[in-house]
Amino acid sequence: MNDGKVADIGQLIILPSSFTGGPRYLHERTQDAMTYVKNYGRPDLFITFTCNPNWTEIQKELFVGQKPQDRHDLLARVFHQKQKALMNLIIKAKIFGEVKCHMYTIEWQKRGLPHAHILIWLKDSLHVHRVDDFISAEIPNPQEDPDLFRIVMKQMVYGPCGSVNPHSPCMKDGICTKRYPRHFLKETQTGQDGYPLYRRRSSQDGGFSANVNFQGSEVSVDNTWIAPYCPLLTKIFNAHINVEYCNSVKSIKYV
């Protein structure tokens with residue numbers, strides 16, 4: 001009997017760029033992204049689309065006693081269909097205007113929920129004065145659109161963190177690393193770093209507030225806690241869809 005070495009078993013295989021998720025595949029996608037920047041400049045919109053485990057398409061297919069995170073196959077299939085529908089709205093329906101090019105990457109969170117980071121280059125660059133036409137960072141009027149109000153309060157409220165929840169993962173040295181809660185603003189402005197400061201009106205200026213259930217207690221939330229979103233997309237997909245205006249190419253490296 002001959003005792004072989006484990007290291008001698010099998011052979012070295014170099015994964016080609018056609019293997020999705022491999023090192024060469026990711027390197028090629030990175031080079032493609034930098035080509036977009038070279039030819040078209042910075043992207044106009046950065047969209048984060050997160051799977052909602054409470055979608056009807058997911059809930060009705062679960063077996064008794066199952067939770068969404070138990071069915072990665074179901075999450076992947078439903079999210080893929082929703083992602084395709086979202087991209088069709090952006091590219092074919094042109095809800096933001098004509099698109100020159102786009103790219104996105106899909107990641108999986110710790111609890112098994114997929115989310116996509118999407119970069120959009122528009123033919124007519126989005127001017128900061130047009131931001132309010134597509135992006136909102138405010139609680140909608142509960143009387144005018146109760147469905148959108150319900151979805152925003154469920155999906156687009158950040159945290160809360162700070163003094164309400166000092167042990168939140170975003171907290172460092174007693175300060176939120178995501179800069180929440182933000183400041184009230186009557187009108188959208190251009191920040192010092194070039195990124196817009198979205199309109200977040202206080203109750204005195206016509207803004208709205210509402211109570212959310214957090215750890216068994218009611219917490220009052222106003223516009224300073226709302227993540228920027230597109231009302232149309234949020235209402236259609238009933239999910240966390242964060243829409244941000246881009247002002248640099250840093251988002252390429254993030255994706």
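Source: prediction; values computed, not measured.

Scoring rules and cut-offs
Residue positions are given per chain, counted from 1 along the sequence in the order it is written. Under the rules for a predicted model, residues below a pLDDT of 70 receive no local features and side-chain atom pairs below 80 are neither given nor counted, while totals for whole chains, interfaces and linings still include all residues. Only hydrogens and water are removed before side-chain values are computed, so all heavy atoms of the structure are retained for them. Under the scheme used here, helices are H or I runs from DSSP no shorter than 4 residues and strands are E runs no shorter than 2 residues, and both carry numbers assigned from the N terminus. Using a 1.4 Å probe on the protein chains alone, a residue whose accessible area is under 20% of its type maximum counts as buried, one over 50% counts as exposed, and one in between counts as partly exposed. What makes two residues a contact is simply this: any of their non-hydrogen atoms within 4.5 Å. At least two bridges found by DSSP between two strands are what make those strands a pair. Fitting a line to C-alpha atoms yields each axis, with helices limited to the stretch in contact; the angle taken between N-to-C directions then spans 0 to 180 degrees. Those domain boundaries reflect an automatic or database domain assignment. Here the quantity called buried area is the total loss of accessible area, with a 1.4 Å probe, experienced by two parts when brought into contact, counted for both. Each reported salt bridge corresponds to a side-chain nitrogen of Lys or Arg within 4 Å of a carboxyl oxygen of Asp or Glu. N or O atoms closer than or at 3.5 Å make up a polar contact, with two conditions inside protein: a donor-capable atom paired with an acceptor-capable one, and, for residues adjacent in sequence, both atoms drawn from side chains. Amino acid classes used here: Ala, Val, Leu, Ile, Met, Phe, Trp, Tyr, Cys and Pro are nonpolar; Asp, Glu, Lys and Arg are charged; the rest, including Gly, are polar.

Caption draft 1: Broad picture of the environment of I91. Mapped onto the elements, I91 comes out in helix α3 (residues 72–91). The class of I91 is partly exposed, set by a relative accessible area of 31%. Aside from chain neighbours lying at most four places away, what touches I91 is V99 and H102.

Caption draft 2: A look at the sheet that holds strand β10 (residues 241–245). An order of β2-β3-β1-β10 is seen for the 4 strands of this open sheet, with the pairing classed as antiparallel. With one partner strand each, in any of the chains shown, β2 (99–108) and β10 form the two edges of the open sheet. Ignoring which end each strand starts from, the neighbouring axes of this sheet average 15° apart. Strand direction decides the pairing type here: strand β1 (residues 45–50) and β10, joined by 5 bridges, are antiparallel. Paired with T48 across the bridge in β10 is N242. Packing against the sheet, α3 makes contact with β1, β2 and β3 (114–122), and its axis sits at approximately 15° to β3.

Caption draft 3: Summary view of the domain arrangement of the protein. Split into domains, the protein comes out as domain 1 (18–128 + 229–254) and domain 2 (136–227). The gap between the C-alpha centroids of domain 1 and domain 2 is 23 Å. On the side of domain 2, 18 residues touch domain 1, which itself brings 17 residues to the contact. Interface of domain 1 and domain 2: buried area, both sides summed, is about 1600 Å²; carbon and sulfur atoms make up 56% of it. Of all residues in domain 1, the largest losses of buried area upon contact with domain 2 belong to V128, Y229 and K235, amounting jointly to 41% of the total for that side. Across the pair K235 and D145 runs a salt bridge whose closest N-O atoms are separated by 3.1 Å. For the pair domain 1 and domain 2, the interface holds 7 residue pairs in polar contact (both at pLDDT 80 or more). Those elements that place two or more of their residues in the side of domain 1 that touches domain 2 are α6 (231–237) and β10. Tallying contributions element by element places β10 first for the side of domain 1 that touches domain 2, with 5 residues. Classifying every residue of the side of domain 1 that touches domain 2 by side-chain character gives 8 nonpolar, 7 polar and 2 charged.

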